[in-house]
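A closer look at the structure
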Amino acid sequence: MSSPLIRSAVAAANLIVPRLSSGLLVLTGAGISTASGIPDYRGPKGAYKVNPNHTPITFQQFVSSHSSRQRYWARSYLGYPVIAKAQANAAHKALAELQQICRSHHQSDLPLITQNVDSLHQKGGSEGIVEMHGSLRQIQCLSCAYTMTRIDFQKWLSELNPEMAKVLADRESRPIGTSDTEIRPDGDVQDKALKFSEFVIPSCPSCHTGVLKPDLVFFGENMRPKTRARVEDVSAAANHLLIIGSTCTTYSALRIVKNMKNAGKWVGMINLGATRADTLVDHKWSDDCGVFVPELLEGIKHSLGDTRNTCDQSAIGDT
């Protein structure tokens, strides 16, 4: 006898299959990455649940205060390796396979917009991803637009901060889950014992004076104009929306939902716990994304009469 979760996933598949060929858009949030070891913000074990006083750095603080940048980069220096080493989970891989199913069965794309900055959709094999809030993969200069990879910047910070590099090496030598720091979805860590006043942060190597910042949208910062235009174009072209792992607390995500509903379009949601969009969605499945989405994929494949893997699972996760 099937479990309630499987029956729910089959019911969801029956609603979604007819929409695969008529313009379905997927919007994901931090909840899809929790099974990869990256916590969300507002879920049952999210940053705000663990620490109600958690206050992410704002864009204004970052650009106006050297000490705020020291604090940010010291904490991010310790937290980034966790994000970099994280692997795509079954939900990420299921969405990648669903994209391929859309192409093979319907000769159509399955556009994917994500609020996440962890690059796990890319590692899972998805393509054509619109990253609303940017990515941790790259660093940019706020003055001259010079860019460098975060991997290279991480090495540079290690060279400039040998004592902190020892702290990082000690953290990485411990078993997973035994660290006394709390990781955040953006790679930041909460560590009350961390001393950052002597942390050295370099200026731009190109213009020599510019402030270097991760290529992501901070709290209080506007979405990039090109990204905003892309989000608007993709969502306007869609006829249906499936939200996965997002509470839609940020208005950039909620705006997509409101625009879809104002246009009379269907909206479904997979998310544990209450969200800002609960009164707007047509259907909601309150389940763990990491478990539900793979079952949803199986239900879709069964409905389509396709039990084959439509993408090379051996290659997924190697990108």
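See above for the structure.
Heads up: these notes are all about the structure in this document.

Reading the values: the criteria
- Residues numbered from 1 in each chain as written.
- Predicted model: local features only at pLDDT ≥ 70, side-chain atom pairs only at ≥ 80, totals over all residues.
- Heavy atoms only, no water.
- Salt bridge = Lys/Arg side-chain N within 4 Å of Asp/Glu carboxyl O.
- Helix = DSSP H or I, 4+ residues; strand = E, 2+ residues; numbered from the N terminus.
- Buried < 20%, exposed > 50% of the residue type's maximum accessible area, 1.4 Å probe, protein only.
- Axes fitted to C-alpha atoms, helices over the stretch in contact; angles between N-to-C directions.
- Contact = heavy atoms within 4.5 Å.
- Nonpolar A, V, L, I, M, F, W, Y, C, P; charged D, E, K, R; others polar.
- Pairing = 2+ DSSP bridges.
- Expected span 1.5 Å × (residues − 1).
- Bend = angle between axes of the 7 residues up to and from the residue.
- Phe/Tyr/Trp six-rings, centres within 6.5 Å; stacked < 30°, edge-to-face > 60°.
- Lys NZ or Arg CZ within 6 Å of the ring centre and 35° of its normal.

On to the pattern of salt bridges, then. Between side chains of opposite charge, pairing is possible as soon as their charged atoms come close. Going through the model one piece at a time under the given rule, you end up with 11 salt bridges. Across the salt bridge formed by E298 and K301, the nearest N and O atoms sit 3.6 Å from each other. Of this pair, E298 and K301 are both found in helix α11 (residues 289-303), 3 residues apart, which corresponds to roughly one turn of the helix. Classification of E298 as partly exposed rests on a relative accessible area of 43%. In the salt-bridge network here, residues are joined through shared partners; they are K213, D215, E221 and R224.

Glancing now at the packing of helix α7 (residues 150-160) against helix α8 (residues 162-173). Between α7 and α8, the least distance of the axes is 5 Å, while the angle of their chain directions is 115°. Where α7 abuts α8, its residues Q154, S158, E159 and L160 lie against P162, A165 and L168. Counted by class, the contact of α7 with α8 contains 4 nonpolar, 2 polar and 1 charged residues.

On to the pairing of strand β4 (residues 134-141), then. Of all the 8 residues making up β4, 6 are buried; the element is thus mostly covered by neighbouring parts of the structure. Strand direction decides the pairing type here: β4 and strand β8 (residues 212-216), joined by 4 bridges, are antiparallel. Each residue of the ladder has a partner; that of C141, found in β8, is L212. Both β4 and strand β5 (residues 147-149) contribute to a ladder of 3 bridges, which runs antiparallel. Within the sheet, the bridge partner assigned to Q140 lies in β5 and is T147.

Time to look at helix α1 (residues 4-20). Across its 17 residues, α1 extends 24 Å between first and last C-alpha, which sits within 8% of the 24 Å expected from 1.5 Å per residue. A maximum bend of about 25° is found in α1 at N14, where proline P18 lies one to four positions downstream. Where α1 is concerned, the buried positions are S8, A9, A12, A13, I16, V17, R19 and L20. Of the surrounding secondary structure, the elements contacted by the buried residues of α1 are β1 (24-28), α5 (90-106), β9 (240-244), β10 (266-270), β11 (283-285) and α11.

Enumeration over the complete set of coordinates arrives at 9 aromatic pairs. Site record: aromatic cluster; members linked through ring pairs are F62, Y72, W73, F153, W156 and F218. Positioned over the ring face of Y80 is R150, at 4.4 Å from the centre of the ring.

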